[in-house]
Structure formats: structure tokens, C-alpha cells
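Residue-level structure breakdown
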Amino acid sequence: MITPDYDTGRILCGDPASVAEARARMRDQPVDHMLLYEGDYPYSLKRTTIRGTESVSGPGTFLGSANRTLSFSGSGEAGWWINRTDLPEQFPIKVSVKNVWTTARNIVLRSGSPHNYLRMVEHIIAMRVGMGVDDMMISTDSGDPPLFDRGNLDILEAINRAGIVETGEDAKFITVREPVTFGGVRGDFLTFIPAKPGERGLRVDCAVNFNSAIGAQRIIFDVCPESFRIGAEARTNAPYSMYLYTKTLGRLFADTRNLGYTTKNILIHGKRSYFNEPKLFFEGKSLEAVWHRATLDLLAAVALLDTGRFCGTIVSYRAGHTQDVRMAALMYLGNYIVPC
């Protein structure tokens, strides 16, 4: 398969020589799976919300001994919001890059009080992009979301049960005014390419390259209900050394002693093999790690671009949460986001 090349455009951060080297490595990395959408724009051109209220529950991500619940309902305000029902004197947190607290291990959103936060929001808010839902209220009685055995299919199915409905307004679309690239510090980069006139879709070319059993994986896909459902099943991954640490020495430390990791709800990889059974095989190769990165991580950062639905092309090579969120902030601060 001939791999595409892309215009680097304006480099907003990072060393140009390092970006060039990373681009060359990605260009040489074969595409393992391509899933392109044929037809018109796959989502409603009207602004959308959900009709009913649905809830999902599971063991806590950061306190696995506790059961955690998320409830999804329509919102009277534009955008996605997170309401901590256990903090009645705090306002809901708007899902926006302006409310990112930290990206050290996962994306944490916070507004107002330091206690008014939700951790590991990426796997939840990615639904905004992957399901084409513009307005949503997420209610939770904890800052610790549940962790599921089926990736985030539980959330996707709950939103579908609630029923996605149109409002009377037209959906708003955004893109970048020119190609822009964000170089990282470990041979990674992100490139955002504008949509062509009249186009509304979003294409993703995403590659990872782990020094473990995961190895090099690359997919190209158009964001649509079919492709997003595939990615929604992909679990977060952790090296076996980290998993072992959480079950042994890590029990001595507050940030790891209560992690709800099991052999079912995360993909555990060692140097040469997986510790548990991977999912999402294509032509005999598991692409679970890259599908997770491309949908439940990268599209979460796109969801933080809260002024409309992003359209165009995104190229991601070995990037992670910190680079994703920095990208979102720099594009707004530099006025690179424009109506589409």
C-alpha cells in the first residue's frame, strides 16, 4: 500500500529537524488497515443532543473497589458539560481546552474549586466527535470515572439507547486556516490539514511505534459511526511492568495502590508478547493499541476544540495526551481555528 505524504505547513512548536526525521519514519511505516467512508457526510448537518437519560456503571479507574456511575442526558446549553452531583455548590465543567487541569497521565478537566474535576475524561469526551453529538450533560458523583472491560462500548451503547436527536440549529464546523505541525520531544508530531471547500468530514492517519509487543501500528480512517465503534472497543494499554507494579510495590503509594486495572479492562504488553489477549485483529495483527490512540485519545483532544465540529485531516505519529492538548491550546491562542 502506498502511504500518503502530507504538507508539514507551519511548525508551531518543536525542532524542524526532529519533525522532518519523525515524518520520514512515519512515511516509511506501512499502513496496516485503511477504512475510508464512501458517501455523504456521515452525521447530521443539524446540531444534535440526546433525547433520554442513560447511565453506565463499573469499577472506578482510580479506586477499583468502588462502583462508579456516569449518566448522560441532553443539555440546555451548547457544548458538553460535566456535573459533579456530589458538589452541589459547583458549576458544571465545560468540556473545553480552557478547562484542562493536567495531562500528566491522562486528561483531567477542572473548573472552579480544585475538587471540581473529572479524571481520565478522554475516553468519555471522544464520543462527542465519534458520535457526532454536539450538546450533552454528563453527571457523576465522583471525580473517578468507571473503567470497562469492553473499552468504551458501554458508553457508546448508552448514548445510542438515549437516542441522538437533531435540534433546530445548523451544526457549526471548524478547521485550520493552513496546515500546521506540532513537534514533540520524543520523535513525535501532529499535523492538522484544512478541509477542502465544501468538505465536512474528518480523516485520521495515526501511527504508534512501541518498543514492546505492540510494535509499529498504523491506520487511516474516516471518522464515522462504523470506524468509531471499532475504536470504542479498544482498551487503554499498559506495560506489564506497570501492571505488576500496581499489584505489588505500587500498593504502598496513593497514586497507584487503588488503580482498578485488571487483565480484562486494559491491554497488558510485555517486551515480546502480550500478557493478556489483545483485540481488534486485522489480517492476523492486533491493532487495538493504535485504534485506542486514534479514537479514544486523539479524538478526545479534538473534542476540546469546543467551537464546532473539526473537519479536515489529522496526522499523528507517536504523540500522546500532553502533545494533543498543547496542540489544541496553541491553535486557539494563535487564531488558527477558523469556521469551515
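Here's what I pulled together on the structure shown here. (Residues numbered from 1 in each chain as written. Predicted model: local features only at pLDDT ≥ 70, side-chain atom pairs only at ≥ 80, totals over all residues. Heavy atoms only, no water.)

Moving on: the overall build of the protein. The helix and strand tally for the protein stands at 7 helices and 24 strands. Along the three orthogonal principal directions, the C-alpha set of the protein runs to about 55 × 50 × 35 Å. Within the protein, the proportion of its 340 residues that are buried is 56%. Sequence separation of 24 or more characterises 75% of the internal contacts of the protein that already satisfy a separation of 6 or more. Carbon and sulfur atoms make up 51% of the accessible area of the protein, which totals about 14700 Å². Side-chain charges of the protein comprise 38 positive and 37 negative groups, with the mean position of each set lying 5 Å from the other. (Helix = DSSP H or I, 4+ residues; strand = E, 2+ residues; numbered from the N terminus. Buried < 20%, exposed > 50% of the residue type's maximum accessible area, 1.4 Å probe, protein only. Contact = heavy atoms within 4.5 Å. Areas by Shrake-Rupley, 256 points an atom, 1.4 Å probe, with all protein chains shown as cover. Lys, Arg positive; Asp, Glu negative; His and termini not counted. Charge placed at Lys NZ, Arg CZ, Asp CG, Glu CD.)

Attention now goes to the pattern of salt bridges. One pass over the structure, following the stated rule, counts 19 salt bridges. One salt bridge connects Arg23 with Asp5, and the closest N-O pair in it is separated by 3.2 Å. Of this pair, Arg23 sits in helix α1 (residues 16-28) while Asp5 sits in the segment before β1 (10-13); the two residues are 18 residues apart in sequence, bridging distant segments of the chain. On the basis of relative accessibility, which here comes to 12%, the residue Arg23 falls in the buried class. We classify Asp5 as exposed; its relative accessible area is 52%. Through salt bridges with shared partners, a single network forms among Arg150, Asp154, Glu157 and Arg229. (Salt bridge = Lys/Arg side-chain N within 4 Å of Asp/Glu carboxyl O.)

Once that is clear, we can look at the sheet that holds strand β14 (residues 180-183). If you walk across this open sheet you meet the 7 strands as β1-β14-β15-β23-β16-β17-β2, and the pairing is mixed. Two strands bound the open sheet, and with one partner strand each, they are β1 and β2 (33-35). Going across the sheet, the axis of each strand differs from the next one's by a mean of 10 degrees, ignoring polarity. By the bridge criterion, 6 bridges tie strand β16 (residues 202-209) to strand β23 (residues 312-317) in an arrangement that is parallel. Along β23, the bridge assignment pairs Leu202 with Gly312. (Pairing = 2+ DSSP bridges. Axes fitted to C-alpha atoms, helices over the stretch in contact; angles between N-to-C directions.)

Glancing now at the packing of helix α4 (residues 225-232) against helix α6 (residues 288-303). As a packed pair, α4 and α6 sit with axes 8 Å apart at the nearest point and diverge in direction by 105 degrees. As far as their axial angle goes, α6 and α4 are roughly perpendicular. Contact residues: Ser227, Phe228, Ile230, Gly231 and Ala232 in α4; Trp291, Thr295, Leu296 and Leu299 in α6. (Parallel < 35°, antiparallel > 145°, perpendicular 65-115°, else oblique.)

Of the two faces of strand β13 (residues 173-176), the one lined by Phe173 and Thr175 and the one lined by Ile174 and Val176 are each fully buried. Summarising the sheet, β13 and strand β22 (residues 309-310) pair through 2 bridges and their orientation is parallel. The partner of Ile174 across the bridge, within β22, is Phe310. As paired strands, β13 and strand β24 (residues 337-339) are joined by 3 bridges and run antiparallel to one another. By the bridge assignment for β24, Val176 is matched with Ile337.

Within the open sheet, the 3 strands sit side by side as β8-β9-β10. Their pairing is antiparallel. A strand with exactly one partner marks an edge of an open sheet, and here the two such strands are β8 (100-102) and β10 (117-118). Of the strand pairs in this sheet, β8 and strand β9 (residues 108-110) are connected by 2 bridges, and their pairing is antiparallel. In the strand pairing of β9, Val100 is matched with Leu109.

On to the packing of aromatic side chains. Applying the stated criterion to the full structure yields 10 aromatic pairs. Ring plane angle 35 degrees and centroid distance 6.0 Å describe the contact between Phe189 and Tyr317, whose orientation is recorded as tilted. In this pair, Phe189 sits in strand β15 (residues 189-194) while Tyr317 sits in strand β23, placing the two residues 128 residues apart along the sequence. Comparing Phe189 with Tyr317, the two get one shared label, buried. With a centroid separation of 6.4 Å and 35 degrees between ring planes, the pair formed by Phe282 and Trp291 is classed as tilted. You can call Phe282 buried: its relative accessible area is 18%. With a relative accessible area of 0%, Trp291 lands in the buried category. Aromatic ring contacts, followed pair by pair, group Tyr41, Tyr43 and Phe173 into a single cluster. The positively charged end of Arg119 is found above the aromatic ring belonging to Phe62, 3.6 Å away from the centroid. Above the plane of the ring of Tyr336 lies Arg177, whose end atom (NZ or CZ) is 4.2 Å from the centre. (Phe/Tyr/Trp six-rings, centres within 6.5 Å; stacked < 30°, edge-to-face > 60°. Lys NZ or Arg CZ within 6 Å of the ring centre and 35° of its normal.)

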